[in-house]
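# Descriptive structure summary
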Amino acid sequence: MSNPVLQAIADRRSIRSYTDQKVSKEQIDTLLKAAQEAPSARNSQPWHFTVVQNEDLLKEINDEVWASLNEKGGDIYHGAKTVIFISSDPVARWARLDCGIATQNIALAAHAIGLGTVILGRPEAAFTGKRGEELNKKLKFPQGQAFAVSIAVGVPAGTKDAHPIEADRVSFVD
């Protein structure tokens, strides 16, 4: 079956290498519109999107991730110069799922306009560590909201092959 949406799903990859080319305001607006068009439970739209292109702030969060995990690590953003952080009410029943749906919309929209993305959960460590409250404020998370997920966005410097589909991951019940 030939369908542009299905083809985008099949072709999209988690990109872990980006050029230095900046993501434009117009491209970011396109991604945020796609995110906000995502469905949510009872149309609650529990998300808040914070776009960060400040390299010093991204490095600060990156460093705090590794410090909170008590590990040495590299660049969690894989060289992307734009990261969208999504926060929500951490106790709202379906908020994280809704934020995940919005994140997938960003990933597919980015692919459609020639950008690459990688969805990142690891930055959560920075927001649950010693400096979490400070970072929540720096990222302008609304009162009562916490990190849900983030997505690095940029111009891909490369790609990778599709992952194999595991046939044993599906069951049918009649």
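Being a predicted model, the structure only gives us computed values, none of them experimental. (Residues numbered from 1 in each chain as written. Predicted model: local features only at pLDDT ≥ 70, side-chain atom pairs only at ≥ 80, totals over all residues. Heavy atoms only, no water.)

## Describing the pattern of salt bridges
- Taken as a whole, this structure holds eleven salt bridges when the rule is applied.
- One salt bridge in this structure joins Lys-25 and Asp-29, with 2.8 Å as the shortest N-O distance. One end of the pair is Lys-25 and the other is Asp-29, both in helix α2 (residues 25-36) and four residues apart, which spans about a single turn.
- Residue Lys-25 is classed as exposed on the basis of its relative accessible area of 59%.
- We note a salt bridge from Glu-134 to Lys-138, for which the minimum N-O separation is 3.7 Å. Taken together, the residues Glu-134 and Lys-138, both in helix α6 (residues 132-138) and four residues apart, mark about one turn of the helix.
- Its relative accessible area of 35% is what places Glu-134 among the partly exposed residues.
- With a relative accessible area of 39%, Lys-138 lands in the partly exposed category.
- Members of the salt-bridge network, linked through shared partners, are Glu-60, Glu-64, Arg-131, Glu-134 and Lys-138. (Salt bridge = Lys/Arg side-chain N within 4 Å of Asp/Glu carboxyl O. Helix = DSSP H or I, 4+ residues; strand = E, 2+ residues; numbered from the N terminus. Buried < 20%, exposed > 50% of the residue type's maximum accessible area, 1.4 Å probe, protein only.)

## Some details on the pairing of strand β3 (residues 116-120)
- Along β3, four of the five residues are buried, which leaves the element largely enclosed by surrounding structure.
- As judged from the five bridges shared by β3 and strand β4 (residues 146-154), these two strands associate in the antiparallel manner. The residue of β4 that forms the bridge with Gly-116 is Gly-154. (Pairing = 2+ DSSP bridges.)

## Here we look at the layout of surface pockets
- Volume-wise, the largest pocket comes out at about 220 Å³.
- Around the largest pocket, the lining residues are Ile-9, Ala-10, Arg-12, Arg-13, Ser-14, Gln-104, Leu-108, Lys-160, Asp-161, Ala-162, His-163 and Ile-165.
- Listed by contribution, the elements that provide at least two residues to the lining of the largest pocket are α1 (4-11) and α4 (95-112).
- Residue classes in the lining of the largest pocket are distributed as five nonpolar, three polar and four charged. (1 Å grid on protein atoms, 1.4 Å probe; cavity = no way out; pocket = protein on both sides within 12 Å on 5 of 7 lines; lining within 4 Å. Points joined across faces, edges and corners; volume = space filled by probe spheres on them. Nonpolar A, V, L, I, M, F, W, Y, C, P; charged D, E, K, R; others polar.)

## Describing the sheet that holds strand β2 (residues 82-88)
- Strand order across the open sheet formed by four strands is β1-β2-β4-β3, with antiparallel pairing between neighbours. Looking at the sheet topology across the chains shown, the edges are occupied by β1 (48-52) and β3. Taken over all neighbouring pairs, the strand axes of this sheet differ in orientation by 20 degrees on average, direction set aside.
- The sheet contact formed by β1 and β2 spans five bridges and is antiparallel. The partner of His-48 across the bridge, within β2, is Ser-87.
- Set on the sheet, α2 makes contact with β1, β2 and β4; between it and β1 the angle comes to about 160 degrees. (Axes fitted to C-alpha atoms, helices over the stretch in contact; angles between N-to-C directions. Contact = heavy atoms within 4.5 Å.)

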